[in-house]
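Chain by chain, the residues:
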Amino acid sequence: MAERLVVISDMWGVKKGLWITSYLGYLQQYYDIVFYDAQQLANIDLTIKSEENLHHAFVEGGIDTAVAHLMKKETTASHYLAFSTGGTIAWKASLKGLPMKSLYAVSATRVRLENLKPDCKMTLVYGENDGFRPEESWSEKLDLEMEVVANFGHECYTDEKIISKVCKDLLIAATTEKKETKKAV
């Protein structure tokens, strides 16, 4: 039986998210995937969806709304793959008790403001030129490793090289977990 993978989009959701289909295409053969559009989780429906307006809507209550909705919808321990604001939503939900086996967050924004970390296996990936990337001192304080990819910015997760890298990491994890489960039986 395939492991469950919950995928949470960036703040743009499916509106600018054609890149998300690449992840789903690679991963669907190994995982039972559930996808959430971060805007829908947050109940954000703006007339003018500029970056500034969307960011403001998430910061001014949208993230908390999304966390609450995610916690109502997800009660089964699952693996999580989340992008940008989606990473923040997953992180905060885990701290509130969302059952989480692992979190793979790419360009997770606002986690740099957190003083606690989820109690699960974590992978944090950031572009070297991401202005929202936490400082090394933050990761050291929380005893976390961050993978920093050279020559990429915040939306690195939309690039085919990063998509391939992330999917490869998750596929290795899925196949390794299956082998370990078989050994235990």
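Data block above holds the structure.
Let me sum up the structure you'll find in this document. Being a predicted model, the structure only gives us computed values, none of them experimental. Positions within a chain are numbered from 1, following the residues in the order the chain's sequence is written. Reporting of local features is limited, given that this is a predicted model, to residues whose pLDDT is at least 70; pairs of side-chain atoms are given and counted only at 80 or more, and all residues count toward the totals for whole chains, interfaces and linings. The side-chain quantities take in all heavy atoms of the structure and omit both hydrogens and water.

1. With respect to the environment of Trp-91
Looking at where Trp-91 falls in the secondary structure, it is placed in helix α4 (residues 85-95). In this structure, the C-alpha to C-alpha distance between Trp-91 and Glu-114, residues 23 residues apart in sequence, is 9.2 Å. With sequence-adjacent residues up to four places away left out, Trp-91 is seen in contact with Leu-103, Val-111, Glu-114, Leu-116, Lys-117, Pro-118, Met-122, Leu-124, Trp-138, Leu-142 and Leu-144. Helical segments are the DSSP runs of H or I of at least four residues, strand segments are the runs of E of at least two, and each set is numbered from the N terminus. In what follows, residue pairs with any heavy atoms lying within 4.5 Å of each other are defined as contacts.

2. Here's the deal with the pairing of strand β2 (residues 31-36)
One ladder, built from six bridges, connects strand β1 (residues 3-8) with β2; its direction is parallel. Counterpart to Ile-8 in the pairing with β2 is Tyr-36. Seen with the strands pointing away from the viewer, any crossover whose path from the first strand over the helix to the second strand runs clockwise is right-handed. For the crossover that starts at β1, traverses helix α1 (residues 20-27) and ends in the parallel β2, the hand is right-handed. Being paired, for any two strands, means DSSP has found at least two bridges between them.

3. Notes on the nonpolar core
Among buried residues, the Ala, Val, Leu, Ile, Met, Phe, Trp, Tyr and Cys ones that are joined through side-chain atoms within 4.5 Å form a nonpolar core. Think of it in three bands: residues with accessible area under 20% of the maximum for their type are buried, residues over 50% are exposed, and the middle band is partly exposed, with areas taken using a 1.4 Å probe on protein chains only. Counting residues in each nonpolar core, the largest one holds 37 residues, and the members touching the most others are Ile-8, Phe-58, Leu-70, Tyr-80, Trp-91 and Leu-103. It is helix α3 (residues 51-73) that contributes the most residues to this core, seven residues altogether. Discounting chain neighbours no more than four positions away, the residues touching Leu-103 are Tyr-80, Ala-82, Ala-90, Trp-91, Pro-118, Cys-120, Lys-121, Met-122 and Thr-123. In terms of nonpolar packing, the next biggest core, distinct from the first, is built from 22 residues, Leu-5, Tyr-104, Val-125 and Phe-152 among them.

4. Structural notes on the environment of Lys-101
Of note, Lys-101 is situated in strand β4 (residues 100-106). Distance in space between the C-alpha atoms of Lys-101 and Asp-119 is 8.7 Å, their sequence separation being 18 residues.

5. Overview of the packing of α3 against α4
Each axis is a line fitted through C-alpha atoms, and for a helix only the stretch in contact is used; angles between axes span 0 to 180 degrees, taken between their N-to-C directions. At a minimum axis separation of 9 Å, α3 and α4 run at an interaxial angle of 55°. Considered as vectors, α3 and α4 are oriented oblique to each other. You can see that α3 and α4 cross each other, and the crossing is right-handed. Residues Phe-58, Ile-63, Ala-66, Val-67, Leu-70 and Met-71 of α3 form the contact with α4, whose own contacting residues are Thr-85, Thr-88, Ile-89, Lys-92 and Ala-93. Here the term charged refers only to Asp, Glu, Lys and Arg, the term nonpolar to Ala, Val, Leu, Ile, Met, Phe, Trp, Tyr, Cys and Pro, and the term polar to all other amino acids, Gly among them. Classifying every residue of the contact of α3 with α4 by side-chain character gives eight nonpolar, two polar and one charged. Under this scheme an angle from 65 to 115 degrees is roughly perpendicular, one under 35 degrees roughly parallel, and one over 145 degrees roughly antiparallel; angles in between are oblique. The sense of a crossing depends on the near helix, which, turned anticlockwise from the far helix by less than a right angle, makes the crossing left-handed and, turned clockwise, makes it right-handed.

6. A look at the packing of aromatic side chains
Aromatic rings from Phe, Tyr and Trp, with only the six-membered ring used for Trp, were paired whenever their centres fell within 6.5 Å, and each pair was classed as stacked if the ring planes differed by under 30 degrees, edge-to-face if by over 60, and tilted otherwise. Overall, the coordinates contain six aromatic pairs when judged by the stated rule. Ring centres 5.9 Å apart and planes at 85° place the aromatic pair Trp-19 and Tyr-23 in the edge-to-face group. The two residues Trp-19 and Tyr-23 agree in class, both being buried. Aromatic pair Phe-83 and Tyr-157: ring centres 5.5 Å apart, planes at 40°, arrangement tilted. Of this pair, Phe-83 sits in strand β3 (residues 78-83) while Tyr-157 sits in the loop between β6 (146-149) and α6 (160-184), placing them 74 residues apart in sequence. Accessibility classification places Phe-83 together with Tyr-157 in one group, the buried group. One aromatic cluster is present, built from ring pairs that chain together Trp-19, Tyr-23, Phe-83 and Tyr-157. Whether a charge sits over a ring comes down to the Lys NZ or Arg CZ being within 6 Å of the ring centre and within 35 degrees of the ring normal. When the ring centre of Trp-12 is taken as origin, the NZ or CZ atom of Lys-16, which lies over that ring, is 4.1 Å away.

7. Description of the sheet that holds β4
Strand order in this open sheet of six strands is β2-β1-β3-β4-β5-β6, and the pairing throughout is parallel. The open sheet has two edge strands, β2 and β6, and neither has a second partner. On average, each strand axis in the sheet is inclined to that of its neighbour by 20°, with strand direction left out of account. Bridging between β3 and β4 involves six bridges; their strand directions are parallel. The partner of His-79 across the bridge, within β4, is Ser-102. Here α4 sits on the sheet and contacts β1, β3, β4 and β5 (121-127); the angle it forms with β3, its principal contact strand, is near 145°.

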